[in-house]
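What follows is each chain in one-letter form.
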Amino acid sequence: MSNLGPLINSQLNNQFSEVRVRFAPSPTGYLHVGGARSALFNYLFAKKNNGKFILRIEDTDVARSTDESLKMMVQDLVWLGLEWDEGVHPITLKDMGPCAPYRQSQRLHYYKKYADELLNSGKAYYCFMTDLELETVREKNKADGTHAHIESPYADWTLAQAQAEIVTGKTAVVRFKTKHLRKDYILNDLIRGEVKFPSDMVGDFVILRSDGMPVYNFCCVIDDALMKISHVLRAEEHLPNTLRQLMIYEGLGFPIPQFGHISLVLDDDRQKLSKRKGAVACDNFRRDGYLPEAMNNFMALMGWSHPEGCELFSMDDMKNLFSLERLNASGAVFDRVKLKWMNSQYLRAMDSQLLWKSILPFLTEAKIQLPNDLTSDLKWQMQSVEVFKPKMEIFSDSVSLYEVFDDSKFVIHPESDEFLKIETTKMVLQTWKDLVSEIQTEFMTTEDFMRIENEIKTKANVKGKNLFMPMRVAVIGKPHGTELKLIVPLMKKSSLIARAEKVIAIC
RNA sequence: GUUCCCAUCGUCUAGUGGCCUAGGACACCUCCCUUUCACGGAGGAUACACGAGUUCGAAUCUCGUUGGGAACGCCA
């Protein structure tokens, strides 16, 4: 079985002079939180080790890659604050750095060159098998229960033979020859420890498609080598790919980087997080009003832990404390509830002025009409933010909170009924309306409100629930909500009166 | 099916042979604060998948079982 069993990559630690890591998304959609977490860990590892963080674009799947997607991913990474040292420029999207270009679609000459090298040395060969032939073999293998790998009859052709065939117009893929590699490959994974791959785990795999485009496992190796990537930190789903990549490294005589396979981010059902189970795009969280700091903090906690057990920590803390040893090898379920809690913690620590600026776009988008010119009234803004801050978890929560100021959205909720039926309610509300009318200013103070409340108490001879529930209905249309003495001073006298009248009319 | 990976409260995790009658966080429950809803504070319930070994001693090391996941493409 393992005649040679060389420890392929453990002896190569010193071949790299500096830490260089990369995040290499394919621009075929949005940036997934799992991807964002991989980017985060790479970024942190680079920062911790004074290394370089590189953004490479894996766009060899021409049909699915789009510029739109690339822009979104870049935007999300910028939002998270995961600045990269080399790769496409965050704004112009032009290549920047010594290893440019960083888009695989523009590096085809490299892949061609190394594919030729493999072809010439007999480590790869042209394969003329048709789709139909491949399908037939697969079906047969399945039926036999052998689950053997594809064996190409062209594996032993000479290069000249194959080239003669190509001249006649036949198309071929290039396959990497694995038959002769009869040994176990041992990967010393930074997170998982020793991982042993049996050599027959893979068959001869494609490195160049029939249209000449290279395939992931091939470009990945060439680029990592050419870009002098020292550590490959990527999701666990790539673990089986590593065997193929190890074979290519070996075939080309490239120095092998250290690998670390990070655990997967899972759904509630413990399967790989997918969009069918809810929002998984970073972009989604940004739109819902999550803070990038909270996202980073939360993502880090899926798989990594703070040495002192802290739950809340800054990016700077992470940069200083990050280490691969504290990375957990088992998968982590993405807990949206905890993420929300974490965001609320960050949100509450925010400066009120900044918080106002952050929620305003959400209010505008939801077309919340604030009384007149309140949007430019700094005092009102700060006061309202202070009142609502403990009630918000994410920015978009502000919409339903600030809605109470919008007269056009004032409705009397059905849950108010039981309080409107109470005998004393009409008296309470009438008194409330009268006393509010007597106020000489546009807004009343908290003291004004307290005084009015006391007067109603005496005049209508009502206290407790029967007093403040109806009053709250008259202010916000429902019996539960923010404390009246906090919210009433934020409302215009005219709207208070108009609302009181509406409620009085139906009780 | 094959290969690989993984296995501590419902969830994220701490734990690297004795500090473990297993610690923290979210969620949950109770109480306090509160004339509602929240915020906040104090408590509580809940976990080492199972079975063998190694050891004076195992959540921790080994093996097996079971369970879960991933990969098996001219996707990445």
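Per chain, residue numbering runs from 1 following the sequence as it is written. Lettering of chains starts at A and numbering of ligands starts at 1, both following the order in which they are written. Restriction of local features to residues with pLDDT of at least 70 applies here, the model being predicted, together with a cutoff of 80 or more for giving and counting side-chain atom pairs; totals for whole chains, interfaces and linings are based on all residues. Side-chain descriptors were evaluated using all non-hydrogen atoms of the structure, hydrogens and water having been removed beforehand.

Engineer: Would you take a moment to explain the environment of Arg270 for this structure?
Structural biologist: Within the fold, Arg270 resides in the loop between strand S12 (265-266) and helix H8 (282-288). The class for Arg270 is exposed, based on a relative accessible area of 54%. Between the C-alpha atom of Arg270 and that of Tyr249, which follows or precedes it by 21 residues, the distance is 34 Å. Non-local contacts of Arg270, meaning those with residues more than four positions away in its chain, are made with Gly331 and Val333. For helices the rule is a DSSP run of H or I covering at least 4 residues; for strands it is a run of E covering at least 2, with both sets numbered from the N terminus onward. Only protein chains enter the accessibility calculation, which uses a 1.4 Å probe; a residue is then buried when its area is under 20% of its type maximum, exposed when over 50%, and partly exposed in between. Contact criterion: two residues are considered in contact whenever any of their non-hydrogen atoms come within 4.5 Å of each other.

Engineer: Would you mind going over the pattern of salt bridges with me for this structure?
Structural biologist: Two side chains bearing opposite charge may form a pair once their charged atoms approach each other closely. Salt bridge, as applied in this entry: a Lys or Arg side-chain nitrogen positioned within 4 Å of an Asp or Glu carboxyl oxygen. Scanning all chains against the criterion turns up 25 salt bridges. The residue Glu18 makes a salt bridge to Arg20 at a minimum N-O spacing of 3.7 Å. Overall, the relative accessible area of 7% leaves Arg20 in the buried class. Residues Lys319 and Asp316 are paired through a salt bridge, measuring 3.8 Å at the closest nitrogen-oxygen approach. Of this pair, Lys319 and Asp316 both sit in helix H10 (residues 315-321), three residues apart, roughly one helical turn. The class for Lys319 is partly exposed, based on a relative accessible area of 23%. With relative accessibility at 46%, the residue Asp316 sits in the partly exposed group. Linked through salt bridges whose partners overlap, the residues forming this network are Arg22, Arg56, Glu58, Arg107, Asp223 and Asp224.

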